[in-house]
Amino acid sequence: MILVFKRISRLFNRTQKNEARKVKEDLGILVFENTSEVIQAENFLKSRGWEIKVMGPPPGIQSGCDLVIQFPLIERLMLTRQLEEAGLAPLEVVPVTHPLLKPVDLFHTKDFGDYLMVRAANMKLTIEKKTKIIVNISGGGCPDVPYLAREMVGRHLDEAPRPGKIGHTLCGYALELAHKEMIRQCS
């Protein structure tokens with residue numbers, strides 16, 4: 001009897017793990033023409049409670065945009081319907097069915113001992129770990145990067161202005177992501 005129970009238990013646990021893995025793998029990505037559309041779609045979807053994530057596009061996806069939105073594939077019909085009704089229809093909806101189609105994580109963290117750097121897409125934000133003072137902002141090629149750096153460098157991470165509020169380009173958006181990630185890592 002105990003042996004039968006153990007076999008059933010192992011089978012049940014294996015089934016649960018396979019189901020969890022399957023759910024984890026059932027993702028899709030929304031491809032847009034430009035970054036502005038990604039940002040609008042992200043704000044729209046998050047304001048309606050959708051669990052999405054902005055990522056870098058996989059190598060197999062070629063569009064004019066450096067970002068895609070990852071979402072649970074089971075939500076495809078409802079999600080795309082809402083985007084279309086809002087005038088934010090994506091160029092393409094791609095199921096992530098192959099490792100080469102997986103979106104690229106936007107964040108890379110580098111620990112330099114006394115300093116910590118977070119890179120999001122093409123923007124880097126560096127703080128002194130002990131004081132949490134922003135010591136450097138670099139990357140990108142957008143016209144607002146020098147302004148963002150002037151407004152943020154030398155300020156405490158929690159007191160610096162939000163890049164998403166004062167920036168108006170892809171670089172400002174990427175720096176906002178780096179800023180949020182740095183805050184998360186320092187919490």
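Here the residue numbering is sequential within each chain, running from 1 through the sequence in written order. Selection of residues for local features in this predicted model requires a pLDDT of at least 70, selection of side-chain atom pairs for listing and counting requires 80 or more, and totals for whole chains, interfaces and linings are taken over all residues. Just so you know, side-chain values use all the structure's heavy atoms and leave hydrogens and water out.

Bringing helix α6 (residues 170-186) into the picture now. Under the scheme used here, helices are H or I runs from DSSP no shorter than 4 residues and strands are E runs no shorter than 2 residues, and both carry numbers assigned from the N terminus. Each helix should span, by expectation, one fewer than its residue count multiplied by 1.5 Å. Compared with an ideal rise of 1.5 Å per residue, which puts 17 residues at 24 Å, α6 spans 24 Å between its outermost C-alpha atoms and is within 8% of the ideal. The rule is simple: take the accessible area with a 1.4 Å probe, protein chains only, and divide by the maximum for that residue type; under 20% is buried, over 50% is exposed, in between is partly exposed. Those residues of α6 that fall on the buried side of the exposure criterion are Cys171, Gly172, Tyr173, Ala174, Leu175, Glu176, Leu177, Ala178, His179, Glu181 and Met182.

What makes a salt bridge here is a side-chain nitrogen of Lys or Arg within 4 Å of a carboxyl oxygen of Asp or Glu, nothing more. This model, assessed by the stated rule, comprises five salt bridges. Residues glutamate 176 and arginine 162 are paired through a salt bridge, measuring 2.7 Å at the closest nitrogen-oxygen approach. Linking glutamate 176 in helix α6 with arginine 162 in the loop between α4 (145-152) and α5 (163-166), this pair joins segments that are 14 residues apart in sequence. Residue glutamate 176 is classed as buried on the basis of its relative accessible area, which comes to 10%.

The next thing to look at is the sheet that holds strand β2 (residues 53-55). Spatially, β2-β3-β1-β4 is the arrangement adopted by the four strands of the open sheet, whose pairing is antiparallel. At either end of the open sheet lies a strand with only one pairing partner, and these are β2 and β4 (92-95). If you compare each strand with its neighbour and ignore which way they point, the axes differ by 30 degrees on average. At least two bridges found by DSSP between two strands are what make those strands a pair. Relative to β4, strand β1 (residues 27-31) runs antiparallel, the two sharing four bridges. Within β4, the residue paired with leucine 30 across the bridge is valine 93. For helices, the axis comes from a line fit to the C-alpha atoms of the stretch in contact; other axes are also lines fit to C-alpha atoms, and the angle between any two N-to-C directions lies between 0 and 180 degrees.

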